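Read off the chains here:
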Amino acid sequence: MDLKLLLYTFILTGFLSVHLHSQVPFNCVVVDSARNSPAKPYGKAIGDLSGDGQPDLFISSANDDGMHWYHYPDWEKYTIRTGGSWSEDCQIADIDNDGYNDIVNGNKQGLCWYENPLNKCERFDAGIWTEHKIGSDGTNIHDLEIADLNGDGKPDVAIRYEKENQKPVCIFLQINPDEWMAVTNTNLSHKMGEGLALGDLDGDADIDMALGEIWLENEGDGTAWKEHVYANSMPEQMILKIADINYDDIPDIIAAPQSSQAGKLAWYQAGKNKYQVWTEHTIRSNITRMHGLSMGDFNNDGYLDIHTSIRHDHPGNEDHVSIWLSNGEAEPAFKEQVLATTGSHFSKTDDIDQDGDLDIFGANWSGPVNHHADILLWRNEMR
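Residues numbered from 1 in each chain as written. Predicted model: local features only at pLDDT ≥ 70, side-chain atom pairs only at ≥ 80, totals over all residues. Heavy atoms only, no water.

Quick notes on the environment of Asp-350
Logical step 1: Its place among the elements puts Asp-350 in strand 26 (residues 345-350).
Logical step 2: By relative accessible area, which is 29% here, Asp-350 ends up partly exposed.
Logical step 3: Sequence-wise, Asp-350 and Met-295 are 55 residues apart; in three dimensions their C-alpha atoms are separated by 10.0 Å.
Logical step 4: Not counting the four nearest positions on each side in its chain, Asp-350 is found in contact with Ile-46, Asp-357, Leu-358 and Asp-359. (Helix = DSSP H or I, 4+ residues; strand = E, 2+ residues; numbered from the N terminus. Buried < 20%, exposed > 50% of the residue type's maximum accessible area, 1.4 Å probe, protein only. Contact = heavy atoms within 4.5 Å.)

This is the structure we're talking about:
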């Protein structure tokens, strides 16, 4: 072999090896300490609530301690409700199409959306967040997702209750911001379960749903759904995402157990017949309590990586908050980088500081003193 070519190959191989296995630098920032944070901070969401174009951080309590948000970049806390207990998941979206993000959340009063007052006042720290009813049952919501499910251009809401409720996925199709149509003829099986993700799984330009072991085919207008089995022998309580993890232009399903039942962190690849069982690719076997899952390119190499966080339940446990870096191959392998061993619950990701890399927002579901926990931001310092 030519000496120059041999030298070039050696340098390139070394560069790729370092690049694919290098650590991504993160700095953990305390947004709100456990001395002041809401008790049992279950609900978490990221979105611009102040109208300045920068992502803010939202928290809701499951222990009668209200709903609050933190303004970027000084993390000053603003209160939407001083009291009240909310369910486990929530989302930020512009429900009424007025150009300002609203909040969708559920409690014993119902599933509601809270209208951002910026459409009525000039200052984000003034005005009342008006409550609008979507559905009557907002208790014990474990999964809440928002997308246009019937193709009319308006955001709709899909929820899945905690497994003990044994209810089907409930969809609320928006007629207008104050009128919603409930659809419950969704999953006929697998009712006693958790985990919900939305995406176009069959390439027909409408939004389908992934649950544990099955996916639901949207038959066009969001009112009729057809079950298909994509996996077998999953635990009942899962956390799920939909993404094209191997870049073949076909969406995959990423899944992990989020309760004490042991299972796999794995991704599932559709074959030529996406209506049959999909191919399973195991990333890590025998894991439990994985209560945060998201996809994104954390090291800016052009490949999708994975973020996971394990719910912290017991003192002394090493509960990983991690990213899993892809090697970018056609059947990618993932290398875990542990950012913390203190756990997190329903952590979320976004480029929060707008510097071109992905950050992580999270908090444990409870804490050692009166159920309070630190509200944390793991800031990616790639850039």
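Observations regarding the sheet that holds strand 22 (residues 290-296)
Logical step 1: Overall, antiparallel pairing links the 4 strands, which are arranged 22-23-24-25 in an open sheet. Edge positions in the sheet fall to strand 22 and strand 25 (334-340), since each of these pairs with one other strand and no more. In this sheet, adjacent strand axes meet at a mean angle of 20° when their direction is disregarded.
Logical step 2: Relative to strand 25, strand 24 (residues 321-326) runs antiparallel, the two being bridged by 6 bridges. Of the residues in strand 25, the one forming a bridge with Ile-323 is Gln-337. (Pairing = 2+ DSSP bridges. Axes fitted to C-alpha atoms, helices over the stretch in contact; angles between N-to-C directions.)

Things to note about the nonpolar core
Logical step 1: Membership of the largest hydrophobic core comes to 18 residues, with the highest contact counts inside it found for Ile-245, Ile-254, Leu-265, Ile-283, Met-295, Ile-306 and Phe-334.
Logical step 2: Of all elements in the fold, only strand 18 (238-243), strand 19 (252-257), strand 20 (263-269), strand 21 (279-287), strand 22 and strand 23 (305-310) reach the threshold of two or more residues within this core.
Logical step 3: In terms of residue count, strand 22 provides more of this core than any other element does, 3 residues in total.
Logical step 4: Those residues in contact with Phe-334 that lie beyond four places of it in its chain are Ile-245, Trp-267, Ile-283, Leu-304, Asp-305, Ile-306, Trp-324, Leu-325 and Ser-326.
Logical step 5: In terms of nonpolar packing, the next biggest core, distinct from the first, is built from 15 residues, Ala-210, Leu-240, Ala-266 and Ala-270 among them. (Core = buried A, V, L, I, M, F, W, Y, C linked by side-chain atoms within 4.5 Å.)

Focus on the side chain of Arg-289
Logical step 1: By the element assignment, Arg-289 lies in the loop between strand 21 and strand 22.
Logical step 2: There is a polar contact of 2.4 Å between the side chain of Arg-289 and the backbone oxygen of Arg-311.
Logical step 3: Not counting the four nearest positions on each side in its chain, Arg-289 is found in contact with Pro-257, Gln-258, Ser-259, Ser-260, Ser-309, Ile-310, Arg-311, His-312, Asp-313, Asn-317 and Asp-319. (Polar contact = N/O pair within 3.5 Å; in protein donor to acceptor, adjacent residues only side chain to side chain.)

A closer look at the side chain of Asp-206
Logical step 1: For Asp-206, the location among the structural elements is in the loop between strand 14 (197-199) and strand 15 (208-210).
Logical step 2: Apart from the residues lying within four places of it in its own chain, the contact partners of Asp-206 are Gly-199, Asp-200, Asn-218 and Gly-220.

Considering the environment of Gln-174
Logical step 1: By secondary structure assignment, the location of Gln-174 is in strand 12 (residues 170-176).
Logical step 2: Judged by its relative accessible area of 4%, Gln-174 is buried.
Logical step 3: The sequence separation of Gln-174 and Val-157 amounts to 17 residues, and the corresponding C-alpha distance is 8.0 Å.
Logical step 4: Apart from residues lying up to four places away in sequence, Gln-174 is in contact with Ile-95, Asp-152, Lys-154, Pro-155, Asp-156, Glu-179 and Trp-180.
Logical step 5: Separated by 2.8 Å, the side chain of Gln-174 and the backbone oxygen of Pro-155 make a polar contact.

Considering the pairing of strand 23
Logical step 1: Within strand 23, 6 of the 6 residues are buried, which leaves it mostly tucked inside the rest of the structure.
Logical step 2: In strand 23, alternate side chains face the same way, and those of Asp-305, His-307 and Ser-309 on one face and Ile-306, Thr-308 and Ile-310 on the other are all buried.
Logical step 3: One ladder, built from 6 bridges, connects strand 22 with strand 23; its direction is antiparallel. Within strand 23, the position partnered with Gly-296 by the bridge is Asp-305.
Logical step 4: As paired elements, strand 23 and strand 24 share 4 bridges and run antiparallel to each other. Across the sheet, His-307 pairs through a bridge with Ile-323, a residue of strand 24.

Quick notes on the sheet that holds strand 5 (residues 76-81)
Logical step 1: Read across the open sheet, the 4 strands follow the order 2-3-4-5; overall the sheet is antiparallel. The open sheet is flanked by strand 2 (43-47) and strand 5, the only strands paired with a single partner. In this sheet, neighbouring strand axes are inclined to one another by 20° on average, regardless of whether the strands run parallel or antiparallel.

Structural notes on the pattern of salt bridges
Logical step 1: A full pass over the atoms with the stated rule returns 12 salt bridges.
Logical step 2: Notably, a salt bridge pairs Asp-32 with Lys-77, separated by 3.0 Å at the nearest N-O pair. Of the two residues, Asp-32 sits in strand 1 (residues 26-32) while Lys-77 sits in strand 5, which places them 45 residues apart along the sequence.
Logical step 3: A relative accessible area of 8% places Asp-32 in the buried class.
Logical step 4: The class of Lys-77 is partly exposed, set by a relative accessible area of 31%.
Logical step 5: A salt bridge links Glu-280 to Lys-264; its shortest N-O distance comes to 2.7 Å. Here Lys-264 lies in strand 20 and Glu-280 lies in strand 21, a separation of 16 residues in the sequence.
Logical step 6: On the basis of relative accessible area, Glu-280 is assigned to the partly exposed category, the value being 32%.
Logical step 7: The class of Lys-264 is partly exposed, set by a relative accessible area of 36%. (Salt bridge = Lys/Arg side-chain N within 4 Å of Asp/Glu carboxyl O.)

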